[in-house]
Amino acid sequence: MSNDGPSPDVAPETLAITAGREASGSSLAPALWASSTWESEGLEDAHRRATSVRHGDFYSRYSNPTVRSFEQAMAKLEGAEESLAFASGMGAVASTVFALCSTGSHIVAQRQLYAGTLAFLQGPCRRMGIDTTFVDVATPGAFAAAVEPGRTMLVLAESPSNPRLELADLDELGSIRGPFTVVDSTFSTPLGQQPLAHGVDIALHSATKGIAGHNDATLGVISGEADLLAEIWAYSVLHGATPSPFDALNALRGIRTLGVRTRQQNESARSIAITLADHPEVRAVHYPGLSEHPQHGLATKQLRQYGTVLSFEVADRDTAAAFLSRLCTARVATSLGGPETLVCHPATSTHASLTPAEQVATGVTDGLLRVSVGLEDCADLIADFEHALETPA
Ligand SMILES: *Cc1c(COP(=O)(O)O)cnc(C)c1O
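Parameters at a glance
Residues numbered from 1 in each chain as written. Predicted model: local features only at pLDDT ≥ 70, side-chain atom pairs only at ≥ 80, totals over all residues. Heavy atoms only, no water. Near = heavy atom within 4 Å. Polar contact = N/O pair within 3.5 Å; in protein donor to acceptor, adjacent residues only side chain to side chain. Areas by Shrake-Rupley, 256 points an atom, 1.4 Å probe, with all protein chains shown as cover. Nonpolar A, V, L, I, M, F, W, Y, C, P; charged D, E, K, R; others polar. Buried < 20%, exposed > 50% of the residue type's maximum accessible area, 1.4 Å probe, protein only. Helix = DSSP H or I, 4+ residues; strand = E, 2+ residues; numbered from the N terminus. Pairing = 2+ DSSP bridges. Axes fitted to C-alpha atoms, helices over the stretch in contact; angles between N-to-C directions. Contact = heavy atoms within 4.5 Å. Patch = residues over 30% accessible without salt bridge, like charges linked within 9 Å, V, L, I, M, F, W, Y side chains within 5 Å. Salt bridge = Lys/Arg side-chain N within 4 Å of Asp/Glu carboxyl O. Lys, Arg positive; Asp, Glu negative; His and termini not counted. Charge placed at Lys NZ, Arg CZ, Asp CG, Glu CD. Core = buried A, V, L, I, M, F, W, Y, C linked by side-chain atoms within 4.5 Å.

Comments concerning the site of the ligand
With respect to spatial proximity, the complete set of residues near the ligand consists of Ser88, Gly89, Met90, Tyr114, Glu158, Asp184, Thr186, Phe187, Ser206, Thr208, Lys209 and Leu336. Note that a nitrogen atom of the ligand is positioned 2.6 Å from one of the side-chain N or O atoms of aspartate 184. At 2.7 Å from an oxygen atom of the ligand is found a side-chain nitrogen or oxygen belonging to lysine 209. Protein contact buries 92% of the 380 Å² of open area that the ligand shows by itself. Of the residues assigned to the shell around the ligand, the class counts are four nonpolar, five polar and three charged.

A short note on the pairing of strand β1 (residues 82-86)
Counting buried positions along β1 gives five out of five residues, so the element sits mostly inside the fold. Here β1 shows a buried face lined by Glu82, Leu84 and Phe86 and a second buried face lined by Ser83 and Ala85. Both β1 and strand β7 (residues 220-224) contribute to a ladder of five bridges, which runs antiparallel. Bridge pairing links phenylalanine 86 to glycine 220 in β7.

Things to note about the sheet that holds strand β3 (residues 131-135)
Sheet architecture is open: seven strands sit in the order β1-β7-β6-β5-β4-β2-β3, paired in mixed fashion. Looking at strand neighbours, the two that pair on one side only are β1 and β3, the edges of this open sheet. Geometrically, the sheet is characterised by an average inter-axis angle of 20° between neighbouring strands, direction not taken into account. Set on the sheet, helix α5 (residues 115-127) makes contact with β2 (106-110), β3 and β4 (152-158); between it and β3 the angle comes to about 135°.

Section: a negative patch on the surface
A grouping of Glu81, Glu225, Asp227 and Glu231 is seen on the molecular surface, where their side chains present a negatively charged patch. With respect to the helices and strands, glutamate 231 occurs in helix α9 (residues 226-239). Note on glutamate 231: relative accessible area 43%, which makes it partly exposed.

Description of the nonpolar core
In this structure, Val97, Ile107, Phe120, Leu121, Ile222 and Ile232 are the most contacted members of the largest nonpolar core, which totals 32 residues. Of all the elements in the fold, those that place two or more residues in this core are β1, α4 (89-100), β2, α5, β4, β6 (202-206) and α9. Among all residues touching isoleucine 222, those that are not within four sequence positions of it are Glu82, Ser83, Leu84, Phe86, Ala92, Thr96, Ile202, Ala203, Leu204, Leu229 and Ile232. Among the nonpolar cores identified, the runner-up in size contains 26 residues, and Val285, Leu310, Leu324 and Ala388 belong to it.

Written out as structure tokens, the structure is:
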């Protein structure tokens, strides 16, 4: 058979092309299975389908063949036994936390988190008696020191983090015993890092971002050992953050070009970071690929690619507003990982739900701007940024 898959020692860029084809027969593109239900042969057969773990031909909230193809591709890219998809990145976060925690459970999480994850931990989780200790991601040993043996169920990290691109030490997380360790790896994509190879239990992504990569799908995914994912799956069919097969199709299509897309976006991000770092209007640039980044050594150790997102600081909110209003090629929008270069002002958009004290603690200053570098010509992007930084006469 031609779709047996390559030997595991091929490059991840090759796996992105070859993976997730098990269910497609000789078709090179996956089929879109829109069906919500499958016919059984009778009582015994229906019983078997209803009581199997992740049975493919039963009911779409339990499993769907198009979603399964996406999950199989993700498992290959993460070097995992299994992957499990959700309706969104937040669906992945909420389902994983509620599957593994109960009232009285404790979570250790980093302070510098995606604002939705932070709001989820501080709102619904706290209301249900699940408390979180927040630690500083860049302080060595901080996660392990906050673990309370017997009570901490989950250690949750996000690396690189939003919006200042700080890194969690994946080896350190992977060596924590007791609680399950989860890394939100959205900002790196599976081509940038593989948390499971460092001993982490679950790699989590908002596939809405770089994986689907075209701003046309909303999807989340986790990867890890099959037994652990079966447990989370059993909860997830009740939680109901069920992925759409159409979005899984778009995400699988996105995976096919992940290698070339991230390569160009990484090169442009690095050039833009270098240009901005030299610009008199720019106070600071946050990008792990710059040698002045405080964690550049760790970045070089654990990232295959430094990433497609950077952030930088201008003097204040008015300067940031003027910059956004003068951009022509780049778009003012949240999200990341798509073909269009997107710029946002975290303090008033992605992190608007944080209190001023929380914004200070997470480094979301008034002059901070986040850039998701797209696929436009890099010289055009640099010209656009330089023009937008000029003080109007
Ligand atoms: C976008 C994002 C999420 C949430 O994903 P959705 O698909 O929007 O639900 C979680 N974590 C990170 C790091 C993100 O960028």
